[in-house]
Amino acid sequence: MRLFMDGRYLRTDYHDGISRYSYSLIHAVAAMSDPTVIIHNNAQRDLLPDNVDAVEFHAPTSAREPLSALTLNHFKPDVVFSPMQTIGSVGRNFGLILTLHDLIYYQHRTPPRDLPQAIRGLWYLYHLTYLPQRMLLNGADAVATVSRTSQRLIRKHRLTRRPVRVIANASPEASPRDPAGFRDKTLIYMGSFMEYKNVETLISALQYLPGYRLHLCSPISASRRDELVSVAQLQGVGSTQLQFHNGIDDVEYRHLLRSATALVTMSRSEGYGLPLVEAMAEGTPVVVSDLEIFQEVAGQHNPGAQFVNIASGAADRQLADCVMALEDNRTFIWASNCAARQANRSRWSDSALELLKLAEEIHLRRSRRKA
């Protein structure tokens, strides 16, 4: 079976969620098989395992994307896996697995601020109705998603007639920190700064946490940074309590996690929550909003995760109380060990096996039809 994996979403600066998912899954599959990876930028080759071939064609944002299948037909793949759902399926001669990570932008239609205005408009219109999504997903042989929560929602909203399988996000390989070792009064936030991420509550909690510093790790626009600094000033939060990294590499991020008291996020909605898994893999407890997906990812009864009711009207104070509870050494050690155990339940090798199994099923089914 010739399996092609779409690697065009690999970023060559800092991984975002789609890039990290693509990178990790490609490497896990390559440890078991010999996939061919689709790229659009020659620099992406440096991110690929040595044993994979690569084919290069247009970027996923190209106007030619709806006709991608016609280009891919020339390479004669048996099955193509895409970590997104927009790759064209018209005229394909191969099996196709598309991925829908979550339905979050149907709940929060405001597009990312860094997109061009025309793209922002199309983004908003696309998410006004499920019809375009259904048309895309029904063009595949199967649909992948990253969690049981997303699988349930896809089925609930009847987004596809195709089988929906979980090819989960997973924990990075890590050796958990020594929970009895050094930690400082540091909190970590990794994620975008869109409104539904509710970063303001994280900043407000600092008024109850003197001596704590919140590291905001992701890239941020100057205007959004100014907005959050203003929130801090209104809440009496000192300027030294906020540190904006505007992007951070993996080495520095891991170093921060391994000395932090907790990773924190108070999102009102979320697609998955990969930063939670990354933090727990390092043995760092998490304090998060009480979303269904966070309870799935972090473990509803996991002492390494504390959940805050963001609808209570006092989420900032609850968050601060959860953080202060971790100042007790015995509590922190127990939470750290439990966090690492929870993260260890998800492995990229398991996700790779699920993908290979699904691809084989599709290949066999299509081969029987041709016979």
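First things first, this report covers the structure right here in the doc. Along each chain, residues carry numbers from 1 onward, in the same order as the chain's sequence is written. Local features in a predicted model are, by the rule used here, given only for residues with pLDDT of at least 70; side-chain atom pairs are given and counted only at 80 or more, and totals for whole chains, interfaces and linings are based on all residues. Side-chain metrics in this entry use all non-hydrogen atoms of the structure; hydrogen atoms and water are not considered.

**Overview of the overall build of the protein chain**
Convention followed: Only DSSP runs of H or I reaching four residues or more are called helices, and only runs of E reaching two or more are called strands; each is numbered from the N terminus. For a compact globule the rule gives 2.2 Å times the number of residues to the power 0.38, and the radius of gyration it is set against comes from C-alpha atoms. For accessible areas, the Shrake-Rupley method is used with a probe of radius 1.4 Å. Any residue's cover is judged against the shown protein chains and nothing else.
Along the backbone of the protein chain there are 14 helices and 13 strands. At 21 Å, the protein chain has a C-alpha radius of gyration in line with the 21 Å of a compact globule built from 371 residues. By principal-axis analysis of the C-alpha atoms, the protein chain measures approximately 70 × 45 × 40 Å. Summed over all atoms, the accessible surface of the protein chain reaches about 17100 Å², with 50% contributed by carbon and sulfur.

**Things to note about the sheet that holds strand 2 (residues 36-39)**
The criterion, for reference: Here the rule is simple: two strands pair whenever DSSP picks up at least two bridges between them. Axes here mean lines fitted to C-alpha atoms, for a helix over just the part in contact, with angles spanning 0 to 180 degrees between N-to-C directions. Whether two residues are in contact is decided by their heavy atoms: any pair within 4.5 Å suffices.
Pairing within the open sheet is parallel, and its seven strands lie in the order 3-2-1-4-5-6-7. The sheet terminates laterally at strand 3 (53-56) and strand 7 (164-166), the two strands that pair on one side only. Across this sheet, the average inter-strand angle for adjacent strands is 25 degrees, counted without regard to direction. Together, strand 1 (3-6), strand 2 and strand 4 (79-81) form the strand contacts of helix 1 (residues 17-30), whose direction differs from that of strand 1 by roughly 160 degrees.

**Points about the side chain of Arg366**
Among the structural elements, Arg366 can be located in helix 14 (residues 348-370). Discounting chain neighbours no more than four positions away, the residues touching Arg366 are Arg92, Asn93, Phe94, Gly95 and Asp141.

**What about the layout of surface pockets?**
Just so we agree on the cut-off: Every definition here rests on a 1 Å grid over the protein atoms only: cavities are sets of points where a 1.4 Å probe fits but cannot get out, pockets are open sets enclosed by protein on both sides within 12 Å along at least five of seven lines, and lining residues have some atom within 4 Å of a point. Grid points are joined across faces, edges and corners, and a volume is the space filled by probe spheres set on the points. The nonpolar class holds Ala, Val, Leu, Ile, Met, Phe, Trp, Tyr, Cys and Pro. Asp, Glu, Lys and Arg form the charged class, and all remaining residues, Gly among them, are polar.
The calculated volume of the second largest pocket comes to roughly 690 Å³. What lines the second largest pocket is a set of 29 residues, among which Ser171, Pro172, Glu173, Ala174 and Trp348 lie closest to the centre. Mapped by element, the contributors of at least two residues to the lining of the second largest pocket are helix 1, helix 9 (250-259), helix 10 (274-281), helix 13 (329-343) and helix 14. A per-element tally of the lining of the second largest pocket places helix 1 first, with five residues. Counted by class, the lining of the second largest pocket contains 14 nonpolar, seven polar and eight charged residues.

**Brief notes about the packing of helix 10 against helix 13**
In plain terms, the rule: Orientation is classified from the angle alone, with under 35 degrees giving roughly parallel, over 145 giving roughly antiparallel, 65 to 115 giving roughly perpendicular, and any other angle giving oblique. Left-handed describes a crossing whose near helix is turned anticlockwise from the far helix by less than a right angle; the clockwise case is right-handed.
In the contact formed by helix 10 and helix 13, the axes pass within 7 Å of each other and the chain directions differ by 120 degrees. On the basis of their axis angle, the class for helix 10 and helix 13 is oblique. The two elements helix 10 and helix 13 meet at a crossing, and its hand is left-handed. Residues Val277, Met280 and Ala281 of helix 10 lie in contact with helix 13, whose contacting residues are Ala339, Ala340, Gln342 and Ala343. A breakdown of the residues in the contact of helix 10 with helix 13 according to their chemical character gives six nonpolar, one polar and no charged.

**Section: the pairing of strand 13 (residues 305-308)**
Every regular strand shows the same layout, with side chains that alternate between the two sheet faces. The sheet contact formed by strand 12 (residues 286-289) and strand 13 spans four bridges and is parallel. What sits directly across from Ser289, in strand 13, is Val308.

**Details of unusual backbone geometry**
Trans peptide bonds make up the majority, and among non-glycine residues the majority have a negative phi. We apply this condition: Throughout this description, buried means an accessible area under 20% of the type-specific maximum (1.4 Å probe, protein chains only), exposed means over 50%, and partly exposed covers the range between.
The backbone of Lys76 shows a phi angle near 55 degrees, a positive value even though the residue is not glycine. Within the secondary structure, Lys76 is located in the loop between helix 2 (68-72) and strand 4. Residue Arg158 is not a glycine yet carries a positive backbone phi of 50 degrees. Inspection of the secondary structure puts Arg158 in the loop between helix 6 (148-156) and strand 7. Take Arg158: its relative accessible area is 69%, and that puts it in the exposed class.

**Here we look at the pattern of salt bridges**
Let me state the cut-off plainly: For this analysis, a salt bridge means a side-chain nitrogen from Lys or Arg found within 4 Å of a carboxyl oxygen belonging to Asp or Glu.
Considering all chains together, one arrives at 18 salt bridges under this definition. Notably, a salt bridge pairs Arg8 with Glu65, separated by 2.8 Å at the nearest N-O pair. Pair noted here: Arg8 is in the loop between strand 1 and helix 1 and Glu65 is in the loop between strand 3 and helix 2, with a separation of 57 residues, a long-range link. The exposure class assigned to Arg8 is buried, which follows from its relative accessible area of 2%. Given a relative accessible area of 4%, Glu65 falls into the buried group. Among the ionic pairs, Arg254 bridges to Glu282, the shortest N-O distance being 2.6 Å. With Arg254 in helix 9 and Glu282 in the loop between helix 10 and strand 12, this pair connects stretches of sequence that are 28 residues apart. Taking relative accessible area as the criterion, Arg254 reaches 36% and is therefore assigned partly exposed.

**Remarks on the nonpolar core**
Heads up, the condition is: The criterion is simple. A nonpolar core is a set of buried Ala, Val, Leu, Ile, Met, Phe, Trp, Tyr and Cys residues joined through side-chain atoms within 4.5 Å.
In terms of nonpolar packing, the biggest core is built from 53 residues, with Leu25, Phe81, Ile97 and Val286 touching the most fellow members. A total of seven residues in this core trace back to one element, the largest contributor, which is helix 14. Residues in contact with Val286, not counting those within four places in the same chain, are Leu263, Leu276, Ala279, Met280, Ala298, Gly304, Ala305 and Gln306. Within the second largest apolar cluster, 32 residues are counted, among which are Tyr212, Leu216, Val264 and Leu319.

**Structural notes on the side chain of Ser289**
Quick note on the threshold: Contacts described as polar in this section are N or O atom pairs within 3.5 Å, which, within protein, must combine one atom able to donate a hydrogen with one able to accept it, while residues neighboring in sequence count only if both atoms come from side chains.
In this structure, Ser289 sits in strand 12. Judged by relative accessible area, Ser289 falls into the buried class, the value being 0%. One polar contact links the side chain of Ser289 to the main-chain carbonyl oxygen of Ser267, over a distance of 2.7 Å. When sequence neighbours within four positions are dropped, the list of residues in contact with Ser289 reads Thr265, Met266, Ser267, Phe294, Phe307, Val308 and Ile310.

**Digging into the packing of aromatic side chains**
For clarity, the cut-off: Centres within 6.5 Å make a pair out of two Phe, Tyr or Trp rings, where for Trp the six-membered ring is used; the pair is then stacked when the planes are under 30 degrees apart, edge-to-face when over 60, and tilted otherwise. In this scheme, Lys NZ or Arg CZ marks a charge over a ring once it lies within 6 Å of the ring centre and within 35 degrees of the ring normal.
One pass over the full model with this rule turns up four aromatic pairs. Judged by centre distance (6.4 Å) and plane angle (45 degrees), the rings of Phe4 and Phe75 are tilted. Taken as a pair, Phe4 in strand 1 and Phe75 in the loop between helix 2 and strand 4 lie far apart in primary sequence, 71 residues in all. According to the relative accessible area criterion, Phe75 is partly exposed, its value standing at 28%. For Arg183, the ring lying beneath its charged end belongs to Phe332, and the centroid distance is 4.1 Å. The ring of Tyr208 carries Arg317 above its face, with NZ or CZ at 4.6 Å from the centroid.

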